[in-house]
Amino acid sequence: MARSRSKRVALCGVICALSVVLMLSGSIIPCATFCAPALAGAMLMVVAMECGMRLAWMCYGAISVLSVLLVPDKELALFFVFLFGHYPLLKAHLQRMHCKPLAWLCKAAVFNLAVVAVYGLLLFVLPMPGLVEEFAQTQSWLLAVLLALGNLCFFVYDAALLSVLQMYVLRIKPRIRHLL
């Protein structure tokens, strides 16, 4: 019993550390502003499967705090906190909804509210001069197109999460079963 618990805690610690490293690398690589938090969030699915949702939510909290404190790119950190960190865990509940159009509507609402919250914080509460200038120079219709493309990419990400989870269950978990 104690050995099993220590294995779960160790797995959570390793996933948290790896996720924070991914978040830090995202601030080094310019095009990884959205990729790094998406990958870090996807790793929380492993914690949820192996250790349960409670520990997965605790890992999300730890990664969120560490990301906000340590990651220099606050846009990247806030996207993890408001969207990519909790969405893989929330997805488990949304997948159980019987009405698929309602589930898709809820997913779209989660994405759009998160984007509005992140950019609202970055533009008005913690103004980043470069981002404020960029938004001021961008036409409104282009921002709407970018949001629509973001929604499309988010639904691709949603489908990819399911594929990654299936790959983990079918190919990776049987190979590492003795470690867990």
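Here the structure is shown first, and the text comes after it.
This section reports on the structure supplied with the text.

Some words on the environment of Gln-137
Mapped onto the elements of the fold, Gln-137 is located in helix α7 (residues 129-137). By relative accessible area, Gln-137 is classed as exposed at 60%. Taking the C-alpha atoms as reference points, Gln-137 and His-98, separated by 39 residues in sequence, lie 44 Å from one another.

Quick word on the packing of aromatic side chains
Evaluation of the coordinates by the stated rule reveals 12 aromatic pairs. Considering the side-chain rings of Phe-34 and Phe-79, the 5.0 Å spacing of their centres and the 80° angle between planes classify their relative orientation as edge-to-face. Remark: Phe-79 occurs in helix α4 (residues 74-84) and Phe-34 occurs in the loop between α1 (2-28) and α2 (35-51); sequence separation between them is 45 residues. Overall, the relative accessible area of 3% leaves Phe-79 in the buried class. Sitting over the ring of Trp-104, Lys-107 keeps its end group 4.8 Å from the ring centre.

Thresholds applied
Residue numbers here run from 1 along each chain, matching the order of that chain's written sequence. Residues qualify for local features only when their pLDDT is at least 70, as the model is predicted, and side-chain atom pairs are given and counted only at 80 or more; totals for whole chains, interfaces and linings, by contrast, use all residues. For the side-chain quantities, the full set of heavy atoms in the structure was used; hydrogens and water were omitted. Secondary structure is summarised from DSSP: a helix means a run of H or I of at least four residues, a strand means a run of E of at least two, and numbering begins at the N terminus for each. Throughout, exposure labels follow a simple rule: accessible area from a 1.4 Å probe, protein chains only, divided by the maximum for the residue type, with under 20% read as buried, over 50% as exposed, and the rest as partly exposed. Between 30 and 60 degrees the pair is tilted, below 30 it is stacked and above 60 it is edge-to-face, where a pair is any two Phe, Tyr or Trp rings, Trp via its six-membered ring, whose centres lie within 6.5 Å. By the criterion adopted, a ring carries a charge over it if an Arg CZ or a Lys NZ lies within 6 Å of its centre and within 35 degrees of its normal.

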